Amino acid sequence: MSLDSTLTPDAVRSSRLAERLLVPAGFVTTAGNAFQITAAAILVFHAEQTTLAVGWLFIAVSIPQVALALLFGKLVDKVDRRMLCIAADLVSAMTAFALPVWLWIGGPANLGSYIANFMLACTAALFMPASNGLIKERIRDERLGKFNSHFEMASNAGMLMASSLAGFLVIWFGATPLFVFNSLSFILSAVLVYAIGRKPAKPLVVAEATADDSAAPVEVLVRQPVKRLALLYANGNIGLMVANVILTTLILQTFNQGAWMIGVVDALAGVGFIVGAAAYGKVSKRFKGIHLAVLGTLGNLICLAIQPLHYIALMAAIPFAGFCFAQGRIAARTLLMRASPEDRVGRIFGGTQAVGLGLGVGATVGLSALADATTVPYAFWGLAILQGAIVIGTYLSLAKPLSAQEKKQPAEVLEATAA
């Protein structure tokens with residue numbers, strides 16, 4: 001018996017509509033943010049000429065999310081998630097537009113960049129748990145693997161493709177037009193989320209047990225080790241945050257290349273990620289979700305260690321890093337989302353964001369200081385060691401409880417499938 005047959009026609013239509021609209025909403029939002037943060041990082045680096053100066057920009061983005069994500073996550077579990085996403089987008093649009101206005105009237109670029117990105121981070125602390133709560137609420141559980149592959153592909157492709165274009169656009173047009181585009185991207189995202197419509201009157205997942213296997217996940221997921229799965233997913237956030245800082249310095253300072261190379265490298269990473277996300281459905285059928293999350297992360301870290309050797313090595317390794325990152329990221333996200341009860345998903349993802357960014361802030365300060373005191377390659381290798389220790393330690397702690405659950409339940413419950 002299909003799960004779709006237990007749902008009302010309105011509920012099925014709502015789930016399908018949400019799938020179609022949330023993916024492009026994720027794309028435009030992350031693309032706009034990538035334009036903003038890449039342009040701001042280039043401005044700050046040229047003004048200060050240190051890795052730590054760029055690091056402080058990313059820290060300014062992370063601090064409010066660390067402080068507010070868990071608090072907002074609890075709010076998300078009590079208030080209409082769709083309306084919270086729309087409100088966050090509209091506030092972000094006004095904040096993003098304030099930065100080009102500041103630059104037009106002659107305000108200091110550094111100060112404006114720090115303040116604008118700090119304020120955007122405050123609304124991002126609300127949007128992140130609200131959007132993940134909306135996904136869990138609207139997308140049917142057996143569709144989460146496929147949806148997450150599409151969502152991560154669109155979101156990260158938007159981020160990487162926009163970052164690659166930003167390097168060229170800053171040279172040609174300056175940073176201001178990119179900040180205006182970011183403001184418009186938030187408005188478009190709000191329109192797409194609004195078009196999803198109200199939540200159906202009946203829940204999308206049938207709670208009562210049936211003879212069909214599709215009801216089994218409802219019982220199992222509550223018992224999964226959510227905190228450790230959250231750490232597995234948060235590990236990816238640490239890597240993204242630190243790598244964005246040290247990669248900028250590696251290209252501009254160590255390799256003595258221009259902003260154009262940031263664009264080329266991000267484009268190559270984007271291609272690798274898109275191919276990885278597109279292949280995720282087939283790959284996930286061959287590996288268990290937990291194994292794919294670990295192997296994908298380790299493959300990405302091996303590529304990370306190769307990148308600072310030479311700019312040719314960087315360009316050769318980064319597509320493979322993107323491919324491996326896609327596998328690990330999507331698998332970890334799907335494991336965590338399947339394990340999260342719908343009434344607690346906001347605080348779970350909010351807490352995960354806070355932990356990931358909190359660890360990322362500490363790693364950014366430490367590894368940026370290491371890069372400035374020695375050379376940038378040491379920061380890359382230090383990041384690979386840190387993330388590798390986290391993923392291996394987490395896997396060892398997860399292997400036993402997930403194995404015990406697997407003996408009692410169908411494999412697809414625990415795996416990040418493409419069903």
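Residues numbered from 1 in each chain as written. Predicted model: local features only at pLDDT ≥ 70, side-chain atom pairs only at ≥ 80, totals over all residues. Heavy atoms only, no water.

- Per an unreviewed UniProt entry, the protein chain is named MFS transporter, and its organism is Amycolatopsis azurea DSM 43854.
- If you open the UniProt record of the protein chain and go to Subcellular location (unreviewed entry), you find "Cell membrane". (UniProt positions renumbered as here; feature names shortened; annotations may be inferred.)

Considering the overall build of the protein chain
No. 1: Within the protein chain one finds 14 helices and zero strands.
No. 2: Traced from its N-terminal end to its C-terminal end, the protein chain shows the element sequence α-α-α-α-α-α-α-α-α-α-α-α-α-α.
No. 3: Residues classed as buried in the protein chain amount to 58% of the 419 residues present.
No. 4: Within the protein chain, residue pairs in contact and separated by at least 24 positions form 87% of the contacts whose partners lie at least 6 positions apart.
No. 5: When the accessible area of the protein chain is evaluated, it comes to approximately 16,900 Å², of which 70% is carbon and sulfur surface. (Helix = DSSP H or I, 4+ residues; strand = E, 2+ residues; numbered from the N terminus. Buried < 20%, exposed > 50% of the residue type's maximum accessible area, 1.4 Å probe, protein only. Contact = heavy atoms within 4.5 Å. Areas by Shrake-Rupley, 256 points an atom, 1.4 Å probe, with all protein chains shown as cover.)

A few points about the packing of helix α8 (residues 226–254) against helix α12 (residues 345–373)
No. 1: The N-to-C vectors of α8 and α12 enclose an angle of 40 degrees; their axes lie 7 Å apart at closest approach. Taken as axis vectors, α8 and α12 run oblique relative to one another. Crossing of α8 over α12 shows right-handed handedness.
No. 2: The residue makeup of the contact of α8 with α12, split by class, is 16 nonpolar, seven polar and no charged. (Axes fitted to C-alpha atoms, helices over the stretch in contact; angles between N-to-C directions. Parallel < 35°, antiparallel > 145°, perpendicular 65-115°, else oblique. Left-handed = near helix turned anticlockwise from the far one by under 90°. Nonpolar A, V, L, I, M, F, W, Y, C, P; charged D, E, K, R; others polar.)

Details of the pattern of salt bridges
No. 1: Summed over all chains, the structure comprises four salt bridges.
No. 2: Across the pair R347 and D77 runs a salt bridge whose closest N-O atoms are separated by 3.0 Å. On the criterion of sequence distance, the pair formed by R347 in helix α12 and D77 in the loop between α2 (51–76) and α3 (81–104) is long-range, its members being 270 residues apart.
No. 3: Judged by its relative accessible area of 17%, D77 is buried.
No. 4: For E137, the salt bridge goes to R81, with nearest N and O atoms at 3.6 Å. Pair noted here: E137 is in helix α4 (residues 109–138) and R81 is in helix α3, with a separation of 56 residues, a long-range link.
No. 5: Taking the relative accessible area as the measure of exposure, R81 reaches 6% and is therefore buried.
No. 6: The structure contains a network of salt bridges with shared partners spanning D77, R81, E137, R138 and R347. (Salt bridge = Lys/Arg side-chain N within 4 Å of Asp/Glu carboxyl O.)

Side note on the nonpolar core
No. 1: Counting 54 residues, the largest nonpolar core has I135, L232, L336 and F349 as the members making the most contacts within it.
No. 2: When residues of this core are assigned to their parent elements, the largest contribution, nine residues, is made by helix α11 (residues 311–339).
No. 3: Looking at which domains feed residues into this core, each of domain 1 (12–197) and domain 2 (221–399) supplies at least three.
No. 4: Those residues in contact with F349 that sit more than four places away from it in its chain are M128, N132, Y233, R333, L336, M337 and S340.
No. 5: In this structure, I238, V242, M261 and L383 belong to the second largest nonpolar core, which totals 26 residues. (Core = buried A, V, L, I, M, F, W, Y, C linked by side-chain atoms within 4.5 Å. Domains from an automatic or database assignment.)

Let's talk about α3
No. 1: Taking 1.5 Å as the rise per residue, α3 with 24 residues should run 34 Å; its terminal C-alpha atoms sit 36 Å apart, in good agreement.
No. 2: For α3, the N-terminal capping position is held by D80, with its side-chain oxygen 2.9 Å away from the main-chain nitrogen of R82.
No. 3: Of the residues flanking the end of α3, it is G106, one or two places downstream, whose phi is positive at about 90 degrees. (Expected span 1.5 Å × (residues − 1). Polar contact = N/O pair within 3.5 Å; in protein donor to acceptor, adjacent residues only side chain to side chain.)

Regarding helix α10 (residues 289–306)
No. 1: Helix length check: α10, at 18 residues, gives a terminal C-alpha distance of 26 Å against a target of 26 Å (1.5 Å per residue), a fit within 8%.
No. 2: Listed as buried for α10 are G289, I290, L292, A293, V294, G296, T297, G299, N300, L301, C303 and L304.

Re the confidence of the model for the protein chain
No. 1: Of all residues in the protein chain, 76% attain a pLDDT of 70 or more, and the chain-wide mean is 76.
No. 2: Throughout residues 409–419 the model reports pLDDT below 50, and contacts reaching past four residues in sequence, or to other chains, amount to 38 contacts. (pLDDT = per-residue confidence, 0-100.)

Concerning the environment of L250
No. 1: Among the secondary structure elements, L250 is positioned in helix α8.
No. 2: Exposure remark for L250: the relative accessible area of 0% places this residue in the buried category.

Points about a nonpolar patch on the surface
No. 1: On the surface, I63, F97, V101, W102, W104, I105, L111, I115, F118 and M119 cluster together into a nonpolar patch covering about 950 Å² of accessible area.
No. 2: Contributions of two or more residues to the nonpolar patch are made by α3 and α4.
No. 3: One can find W102 in helix α3.
No. 4: Looking at W102, the relative accessible area reads 30%, which means it is partly exposed. (Patch = residues over 30% accessible without salt bridge, like charges linked within 9 Å, V, L, I, M, F, W, Y side chains within 5 Å.)

Examining the side chain of S183
No. 1: Structurally, S183 is set in helix α6 (residues 176–194).
No. 2: Looking at S183, its side chain comes within polar contact range of the main-chain oxygen of A93, at 2.8 Å.
No. 3: Those residues in contact with S183 that sit more than four places away from it in its chain are A93, A96 and F97.

Here we look at the packing of aromatic side chains
Describing an aromatic ring pair means giving the distance of the ring centres and the angle of the ring planes.
No. 1: Tallying each qualifying case throughout the model produces six aromatic pairs.
No. 2: Taking 6.0 Å as the distance between ring centres and 45 degrees as the angle between the ring planes, the aromatic pair formed by F273 and F325 counts as tilted. Of this pair, F273 sits in helix α9 (residues 259–286) while F325 is found in helix α11, placing the two residues 52 residues apart along the sequence.
No. 3: On the accessibility criterion, F273 (1% relative accessible area) is buried.
No. 4: Here Y378 and W381 contribute two aromatic rings whose centre-to-centre distance is 5.6 Å and whose plane-to-plane angle is 80 degrees, an arrangement assigned as edge-to-face. With Y378 and W381 both in helix α13 (residues 376–408), this residue pair falls three residues apart, about one helical turn.
No. 5: On the basis of relative accessible area, Y378 is assigned to the partly exposed category, the value being 45%. (Phe/Tyr/Trp six-rings, centres within 6.5 Å; stacked < 30°, edge-to-face > 60°.)

Here's the deal with the side chain of R82
No. 1: With respect to the element layout, R82 can be found in helix α3.
No. 2: No salt bridge forms around the buried R82; measuring N to O, its nearest opposite-charge neighbour D80 is 5.0 Å away.
No. 3: Separated by 3.5 Å, the side chain of R82 and the backbone oxygen of V193 make a polar contact.
No. 4: In terms of polar contacts, R82 uses its side chain to reach the backbone carbonyl oxygen of Y194, at 2.9 Å.
No. 5: If we ignore the near neighbours within four places in the chain, the residues touching R82 are L134, R138, V193, Y194, G197 and R198. (Lys, Arg positive; Asp, Glu negative; His and termini not counted.)

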